[in-house]
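Observations on the three-dimensional arrangement
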Amino acid sequence: MLEVTGLSTGYGRIPVLRDIRMSCAANTCVGVLGRNGMGKTTLLRALMGELPAMGGSLQFAGEDLTKAAAHQRARAGIGYVPQGRQIFPYLSVRENLRMGCVKDFAGADATIERILAYFPRLQRLLDQPGGALSGGEQQLLALARCLCGDPKIILLDEPTEGIQPSICDEIIETLQRLRVEHNLAVILVEQDIEFLSALSDRILIIENGQLVDEVNPAHTSPEAIAERFMGFHS
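Residues numbered from 1 in each chain as written. Predicted model: local features only at pLDDT ≥ 70, side-chain atom pairs only at ≥ 80, totals over all residues. Heavy atoms only, no water.

Thoughts on the environment of Ile193
The condition is simple: Secondary structure elements follow DSSP: runs of H or I of four or more residues count as helices, runs of E of two or more count as strands, with numbering from the N terminus. Exposure categories follow from relative accessible area, calculated using a 1.4 Å probe and restricted to protein chains: below 20% of the type maximum is buried, above 50% is exposed, and the middle band is partly exposed.
With respect to the helices and strands, the residue Ile193 is situated in helix α8 (residues 193-199). By relative accessible area, which is 3% here, Ile193 ends up buried. When the C-alpha positions of Ile193 and Leu33 are compared, they lie 8.2 Å apart, and in sequence the two are 160 residues distant.

Structural notes on the sheet that holds strand β9 (residues 202-207)
Selection rule: Pairing between two strands requires that DSSP report at least two bridges joining them. Only the stretch in contact is used when a helix axis is fitted, and all axes are lines through C-alpha atoms; the angle between N-to-C directions ranges over 0 to 180 degrees. A contact between two residues is defined here by any heavy atoms of the two lying within 4.5 Å.
Reading across the sheet, the six strands line up as β6-β7-β8-β3-β9-β10 and stay open at both edges, with mixed pairing between neighbours. If you trace the sheet from one side to the other, it starts and ends with β6 (78-81) and β10 (210-215), each paired once. Sheet twist, expressed as the average angle between the axes of neighbouring strands with direction ignored, equals 20°. The pairing of strand β7 (residues 153-157) with strand β8 (residues 185-189) spans five bridges and is classified as parallel. Bridge pairing links Ile153 to Ala185 in β8. Together, β3 (29-33), β6, β7, β8 and β9 form the strand contacts of helix α1 (residues 40-48), whose direction differs from that of β6 by roughly 145°.

Overview of the nonpolar core
For clarity, the cut-off: Among buried residues, those of type Ala, Val, Leu, Ile, Met, Phe, Trp, Tyr and Cys that are joined through side-chain atoms within 4.5 Å constitute a nonpolar core.
Leu97, Phe119, Leu122 and Leu143 are the most contacted members of the largest nonpolar core, which totals 46 residues. Looking at which element gives the most residues to this core, the answer is helix α6 (residues 135-147), with seven residues. Excluding anything up to four places from it in sequence, Phe119 contacts Leu140, Leu143, Ala144, Leu147 and Thr174. The next biggest cluster of nonpolar side chains, apart from the first, holds 29 residues, and it includes Leu17, Val32, Leu47 and Ile78.

Laid out in structure tokens, this is it:
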């Protein structure tokens, strides 16, 4: 579904990513693991089109999107849940979800009802302002809002940051269900190695803006991944 070849990008004239080569098929999750400042968020922003490619190419669902803007990639089926969630705090949960219906705003009510079936916790909060939700509830809202755009692939940046373990478990269960039922693909940047291992089919290791290794979490424990690649215990 997603094929990246030789992708390089950065901020202004400052290069950050160099020669990124990766792929992600339908109904798979590719994890990205690395220390702070190694280029994880920059990678997702480049895949979303928020940063222009300085070199290389990005193919998605058979289409060359290398030069496509972020809104064009969203309409093509790339969804993005950024670090920090970026919900609209003064809009209600329902209004936040409506903002995600970029492909069919006229049919937003039906889309929201369909997506809420995966997020029962949000159903009782529909009239609450987004800013009144807990951090975990806001993360669920950000994910649900992204899904309202009917993406084929979701780019997730640090979804467990600052949220309680029970909601982390909900996110794992929901994403696994969506993968099976909708062939959803996921690229997941995450520092919580147990969460990353629970969802990922393979984990790519990023160092200094380059992908340097790949781990199969089915054959490598979270503790071994932490010790070998991060230099600390999970």
